[in-house]
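Secondary and tertiary structure notes
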Amino acid sequence: MSAASLLFSCSVHVGVSHPKLAAKSSACYLLNQPWSHLKSKTPFGHSGILEKSKLSHKGDGIVWRAGAVQVETAAPSFSVGQKFQLDDVIEAQQFDRETLNAIFEVARSMETIEGNSSGSQMLKGYLMATLFYEPSTRTRLSFESAMKRLGGDVLTTENAREFSSAAKGETLEDTIRTVEGYSDIIVMRHFESGAARRAAATASIPVINAGDGPGQHPTQALLDVYTIEREIGKLDGIRVGLVGDLANGRTVRSLAYLLAKYEDVKIYFVSPEVVKMKDDIKEYLTSKGVEWEESSDLMEVASKCDVVYQTRIQKERFGEKIDLYEAARGKYIVNQDVLKVMQKHAVVMHPLPRLDEITVDVDSDPRAAYFRQAKNGLYIRMALLKVLLLGW
Amino acid sequence: MSAASLLFSCSVHVGVSHPKLAAKSSACYLLNQPWSHLKSKTPFGHSGILEKSKLSHKGDGIVWRAGAVQVETAAPSFSVGQKFQLDDVIEAQQFDRETLNAIFEVARSMETIEGNSSGSQMLKGYLMATLFYEPSTRTRLSFESAMKRLGGDVLTTENAREFSSAAKGETLEDTIRTVEGYSDIIVMRHFESGAARRAAATASIPVINAGDGPGQHPTQALLDVYTIEREIGKLDGIRVGLVGDLANGRTVRSLAYLLAKYEDVKIYFVSPEVVKMKDDIKEYLTSKGVEWEESSDLMEVASKCDVVYQTRIQKERFGEKIDLYEAARGKYIVNQDVLKVMQKHAVVMHPLPRLDEITVDVDSDPRAAYFRQAKNGLYIRMALLKVLLLGW
Amino acid sequence: MSAASLLFSCSVHVGVSHPKLAAKSSACYLLNQPWSHLKSKTPFGHSGILEKSKLSHKGDGIVWRAGAVQVETAAPSFSVGQKFQLDDVIEAQQFDRETLNAIFEVARSMETIEGNSSGSQMLKGYLMATLFYEPSTRTRLSFESAMKRLGGDVLTTENAREFSSAAKGETLEDTIRTVEGYSDIIVMRHFESGAARRAAATASIPVINAGDGPGQHPTQALLDVYTIEREIGKLDGIRVGLVGDLANGRTVRSLAYLLAKYEDVKIYFVSPEVVKMKDDIKEYLTSKGVEWEESSDLMEVASKCDVVYQTRIQKERFGEKIDLYEAARGKYIVNQDVLKVMQKHAVVMHPLPRLDEITVDVDSDPRAAYFRQAKNGLYIRMALLKVLLLGW
């Protein structure tokens, strides 16, 4: 593809390069950096198509950001095009099956990068701002590790709710417009549902939702599906038992949404009566042709499933009804008895933290996948940072 | 200049190189790093004059720190010499007009570095400690971004007031003597006026005041003046309207001090009666020959000014007098009506955070300069870090 | 030594390389990095013996980590072998005299690295997680500076006690298994005695105890002994006066343990009656043949000692007995009078923070070693990070 067609591509996509990202993208071709293999794969055929992205809010005119430098490869492992345009990560539902596969492929390459090299420099020179309006050390450390494992750096704030400016009444939008001037990507956790969407609508740089209140936590949903594929080897045709607090857990709700994108999936809901899966998810699954079933027999479900996905009964949801909490909490425990009936290839997953809903003696069983699941969060986040900052 | 004269320069300035800084300075000549152009400009004429700096408090003898490696260029864009010696940044008043110009010139070069390259390594190997005794996420992130954009790294503490040692009664001086052993430059925010000066008097490494109580916030003042120059194209002869809380805002007070260094400046004060500009500033301006005027007509002032500098009415200053606050707060709002009377080249500035003293619909007007102003804070802080650690 | 014998060594030590550490170790031979002198010293004689280390908790099988790549040098300055295997730093007592000497030798080389170069890249690509369950800014910044001075990077959490997961009831073990997936080494401070040992038993990566409640703070003990050797030039035969709160200070207790490893040491205890050194330490010293003596005469002790080690009377230990605290606090002050009777070569040490138990006018005396002591903490921590991550 010639320079002329490159320009043509740009105009087709109404895209003009943001000077900074363009410069950085060029740099990766000049320097002998890890991702320069993207180029070497296609000595004559590659083209840096600068995709249109989000409108920045500079007062002095309209500026378009290059969201991704896409490369046509001789033998692409997945098709590239408009549908893979990834500007922000806001909710689990935004991903179609093909995009999920593409992300998982990048995540697998991240396992190699994290495990085998003396440290990637892929994101050298990039700054991620972790803007956490409520503390979540696990999620924050996972994102920050992902960024640093790729050679990037981090501006961190653990408790932006006490951010003097937010406390003084500054809007989220104003905060975002300031922080976007200091960084290249924003990872935000917020206490209000919908906050991530508002941030993304404002920001001229990518935003990743690291959880917004009772709303979405899309990277957790992605890592859950990625873990199922890594552990079981497939997603079509799987049998998943969702166990525990299905009413309040955003994790299981998002997971149900994503599983609906695959074929011949069957989901079992096993939960105390007070925290049953809500009707909206059940209706959604039915509308998508996903078979589901409620059961009160964990042993039977465990014997049939590929994945037993246990969750914590959240005490904070029960208020003063401690007796209800205690009853719910003890009802479904994954222990050695459950392991005994589980199939050899099946796994136990859990979003963590766990209390005693999985007994500690389960940990040493090879089917206990929850710490590997936590580690997969690192690979998924590395993959998202890579794709959002450098493109596919 | 020969080696002999180099030594002579050193002895004239009673300066002996601190081993570390000297080593780092040499390194920048050996490596092909961004600031090595300082050398290439002057193939025969350069001289690394090691300036005297602050006395370190090592018990085992007197050690002088090299504050800056100054370079005589063939065609210097500003004269170098003792007056540019910059050891610490403590208050706005410490800068004369020539030093301001020199800092702004460095800041402009920082715009290029931040915007166009794949990341500068100018400050690689340097560590900045952000010692914040009260939280200020905006200021902290701005400094930390500045340091990291130049390849440096950061030790951060968001809430040093709860620093176990400060809580146990350790003096600021003892804290500084410990922290200076771990870092190359200290950026400090403190709740007490004068704390930055005390820290600088103790430290053998540079200290930047990032706000000390009701006292100074010099980097805000610098970025304000820099923004006026960038937006309006000049500082001599400008007309500036200061609007809002002029009694309590350290920002407008520092800005008034700095504007007095320029020629033919006129300042309008527009504020509710309860938060009028205090007499000390008015007297200072008069003594410096700066014209000023109080007005209650924002529309008239806005129509005449190059800069409308709006500020937030600070609720926390009114205590229980909520009615006074509410009256003051609603009095002068920058909105579309104000924009209509403003000149085409004029701009609206604000130190942020804003509440509703500038309506959101102003944001999309090209004359809304406040987010660009926030971004300029990054360039000013990059410039100061560069000058304090590497010299001009 | 041939490849065969290398394999043999591995099997003897039941060690199989962890892919990541092995790759990183190889990298240091390929790249021309600072520690490649380890290789160049022994062109034919070196062998990368991969030592057995801790069992990781991966469910999918047993993985052995390479704790250190040991190198046989032509003229080793200390013997290498199993005894130098350092997996974790948990308590002062774990170190024998030879290991202490070896650590101090590395620490001395760190003084050079920190002071003279443009920044080491020895630990480039490595991530340290500072997991602090109670805030201790001084210790945290010291470790983070150490890591960054060696080119490594840091994931930091200042207040892991409010770690949402710990607050929700997650065990320390589960937290460690998550964090070890994000980092290469964990530096932990905890409010419970024994927590560091539990963390180390769980983690498949090295753990450094940065203080666990009233228990151990081994890096403080190491830096104290290192400072005595640096200041006095020897450890055998020294006379040390421990002054102040000897009952509650873990510092002086650990120091007493370590001093017992040297010959002909004499220790003087000088403390108010309410905070006397406890019997367990006295008995330990006696059992090790260390002479000790209690005294109420600070002046006489100061005149005899090489080291006057002053400590803070900890107000928080006295509860409501403020009068007892005030009496204890004022009893033994190191001031100009004490300096007058001290020998010329002797030094005053203090773990910091200090209140008024050393008067400020002592600071300018060359024998005031406490800020140099704080700086030595940096070198000791650099040394430990280097040894734990790269081996000797």
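Scoring rules and cut-offs
- Residues numbered from 1 in each chain as written.
- Chains lettered and ligands numbered in written order.
- Predicted model: local features only at pLDDT ≥ 70, side-chain atom pairs only at ≥ 80, totals over all residues.
- Heavy atoms only, no water.
- Helix = DSSP H or I, 4+ residues; strand = E, 2+ residues; numbered from the N terminus.
- Buried < 20%, exposed > 50% of the residue type's maximum accessible area, 1.4 Å probe, protein only.
- Areas by Shrake-Rupley, 256 points an atom, 1.4 Å probe, with all protein chains shown as cover.
- Domains from an automatic or database assignment.
- Contact = heavy atoms within 4.5 Å.
- Buried area = accessible area lost by both parts, 1.4 Å probe.
- Salt bridge = Lys/Arg side-chain N within 4 Å of Asp/Glu carboxyl O.
- Polar contact = N/O pair within 3.5 Å; in protein donor to acceptor, adjacent residues only side chain to side chain.
- Pairing = 2+ DSSP bridges.
- Expected span 1.5 Å × (residues − 1).
- Phe/Tyr/Trp six-rings, centres within 6.5 Å; stacked < 30°, edge-to-face > 60°.
- Axes fitted to C-alpha atoms, helices over the stretch in contact; angles between N-to-C directions.
- Parallel < 35°, antiparallel > 145°, perpendicular 65-115°, else oblique.
- Left-handed = near helix turned anticlockwise from the far one by under 90°.
- Nonpolar A, V, L, I, M, F, W, Y, C, P; charged D, E, K, R; others polar.
- pLDDT = per-residue confidence, 0-100.
- Right-handed = clockwise from strand over helix to strand, strands pointing away.

Our focus in this paragraph is the overall build of chain A. A count of helices and strands for chain A gives 15 helices and 11 strands. Put simply, chain A has 392 residues, and 61% of those count as buried. Just so you have it, chain A exposes about 14,500 Å², and 53% of that area is on carbon and sulfur atoms.

On to the domain arrangement of chain A, then. Residues and elements named next belong to chain A. Domain boundaries assigned for chain A yield domain 1 (120-216) and domain 2 (219-375). On a C-alpha basis, the centroid separation for the pair domain 1 and domain 2 is 29 Å. Counting residues at the interface gives 11 residues for domain 1 and 5 residues for domain 2. Taken together, both faces of the contact between domain 1 and domain 2 bury some 590 Å²; the carbon and sulfur share is 40%. Taken together, the links from domain 1 to domain 2 amount to 0 salt bridges. Linking domain 1 to domain 2 there are 1 residue pair in polar contact (both at pLDDT 80 or more). Those elements that place two or more of their residues in the side of domain 1 that touches domain 2 are helix 5 (137-149) and strand 6 (207-212). When residues of the side of domain 1 that touches domain 2 are assigned to their parent elements, the largest contribution, 4 residues, is made by strand 6.

Below, the discussion takes up the pairing of strand 9 (residues 291-295) of chain A. With 5 bridges connecting them, strand 8 (residues 266-270) of chain A and strand 9 of chain A associate as parallel partners. The residue of strand 9 of chain A that forms the bridge with Tyr268(A) is Glu293(A).

Turning next to helix 5 (residues 137-149) of chain C. Note that an α-helix has 3.6 residues per turn; residues three or four places apart therefore point the same way. For helix 5 of chain C, built from 13 residues, the straight-helix expectation of 18 Å at 1.5 Å per residue is met to within 8% by its first-to-last C-alpha distance of 17 Å. In the segment just after helix 5 of chain C, Gly151(C) is the residue with positive phi, at about 90°.

Two aromatic rings are characterised by how far apart their centres lie and by the angle between their planes. All names here are of chain B. Under the criterion given, the structure shown has 18 aromatic pairs over all chains. Ring geometry for Tyr-257 and Tyr-284: centres 4.5 Å apart, planes at 65°, overall edge-to-face. Linking Tyr-257 in helix 10 (residues 250-259) with Tyr-284 in helix 11 (residues 279-287), this pair joins segments that are 27 residues apart in sequence. The exposure class of Tyr-257 is buried, given its relative accessible area of 17%. With a relative accessible area of 22%, Tyr-284 lands in the partly exposed category.

Looking at the secondary structure, you find Lys344(A) in the loop between helix 14 (336-341) and strand 11 (347-349). According to the relative accessible area criterion, Lys344(A) is exposed, its value standing at 82%.

Turning next to the sheet that holds strand 3 (residues 127-132) of chain B. Residue and element names in this part refer to chain B. Ordered by their spatial adjacency, 4 strands build an open sheet running 4-3-5-6, and the pairing between neighbours is parallel. Because the sheet does not close on itself, it has two edges, and the strands there are strand 4 (153-157) and strand 6 (207-212). Across the sheet, the mean angle separating the axes of adjacent strands is 15° when strand polarity is ignored. Pairing geometry for strand 3 and strand 5 (residues 185-190), over 5 bridges, is parallel. Following the sheet pairing, Phe-132 is matched in strand 5 by Arg-189.

Residue and element names in this part refer to chain C. In space, the 5 strands of this open sheet follow the order 9-8-7-10-11, with parallel pairing throughout. Looking at the sheet topology across the chains shown, the edges are occupied by strand 9 (291-295) and strand 11 (347-349). Taking the axes of each pair of neighbouring strands and ignoring which way they run, one obtains an average angle of 20° across the sheet. Against the sheet, helix 11 (residues 279-287) touches strand 8 (266-270) and strand 9, its axis set at about 145° to strand 9.

Our focus in this paragraph is the environment of Leu390(B). Residue and element names in this part refer to chain B. Relative to the helices and strands, Leu-390 is located in helix 15 (residues 370-390). Among the residues examined, Leu-390 registers a relative accessible area of 11% and is labelled buried. Separated by 107 residues in sequence, Leu-390 and Glu-283 have C-alpha atoms that sit 38 Å apart.

Below, the discussion takes up the environment of Glu326(B). Residue and element names in this part refer to chain B. On the secondary structure map, Glu-326 appears in helix 13 (residues 322-331). For Glu-326, a relative accessible area of 41% translates into the label partly exposed. For the pair Glu-326 and Ile-313, spaced 13 residues apart in the sequence, the C-alpha separation amounts to 9.3 Å.

Moving on: unusual backbone geometry. Following Leu352(A), the chain continues to Pro353(A) via a peptide bond in cis, the omega torsion being 0°. Assignment of secondary structure puts Pro353(A) in the loop between strand 11 and helix 15 (370-390). Of note in this structure, Asp264(C) is not a glycine but carries a positive phi near 55°. Mapped onto the elements, Asp264(C) comes out in the loop between helix 10 (250-259) and strand 8. Unusually for a residue other than glycine, Leu352(C) sits at a positive phi of about 65°. What makes Leu352(C) buried here is its relative accessible area of 9%.

Before going further, it helps to examine the side chain of Asp174(C). One can find Asp174(C) in helix 7 (residues 172-179). Here Asp174(C) falls in the buried class, since its relative accessible area comes to 2%. If we skip the residues at most four places from it in the chain, Asp174(C) touches Arg354(A), Asp363(A) and Phe371(A).

What follows concerns the packing of helix 7 (residues 172-179) of chain B against helix 8 (residues 195-202) of chain B. All names here are of chain B. Where helix 7 contacts helix 8, the axes come no closer than 9 Å and their chain directions differ by 50°. By the criterion of interaxial angle, the relationship of helix 7 to helix 8 is oblique. Considering how the two elements wind past one another, helix 7 and helix 8 form a crossing that is right-handed. Along the contact surface, helix 7 presents Leu-172, Glu-173, Ile-176 and Arg-177, while helix 8 presents Ala-195, Arg-198, Ala-199 and Thr-202. The residue inventory of the contact of helix 7 with helix 8, partitioned by class, reads 4 nonpolar, 1 polar and 3 charged.

What follows covers the pattern of salt bridges. Residue and element names in this part refer to chain B. The final tally for this structure, using the stated rule, is 90 salt bridges over all chains. In this structure, the salt-bridge partner of Arg-149 is Glu-114, at a minimum N-O distance of 3.8 Å. With Arg-149 in helix 5 (residues 137-149) and Glu-114 in helix 4 (residues 97-116), this residue pair connects regions lying 35 residues apart in the sequence. One exposure class covers both Arg-149 and Glu-114, and it is buried.

This part is about the confidence of the model for chain A. Residues of chain A with pLDDT of at least 70 account for 77%, and the chain-wide mean is 81. In the model output, the complex is listed with pTM 0.83 alongside ipTM 0.81.

The next subject is the pairing of strand 7 (residues 239-243) of chain A. Residues and elements named next belong to chain A. Where burial is concerned, most of strand 7 is hidden: 4 out of the 5 residues are buried. Pairing of strand 7 with strand 8, which is carried by 5 bridges, proceeds in the parallel orientation. Note on strand 8: the bridge partner recorded for Val-243 is Val-270. For the crossover that starts at strand 7, traverses helix 10 (residues 250-259) and ends in the parallel strand 8, the hand is right-handed. Of the strand pairs in this sheet, strand 7 and strand 10 (residues 307-310) are connected by 4 bridges, and their pairing is parallel. If you follow Gly-241 over to strand 10, its bridge partner there is Val-308.

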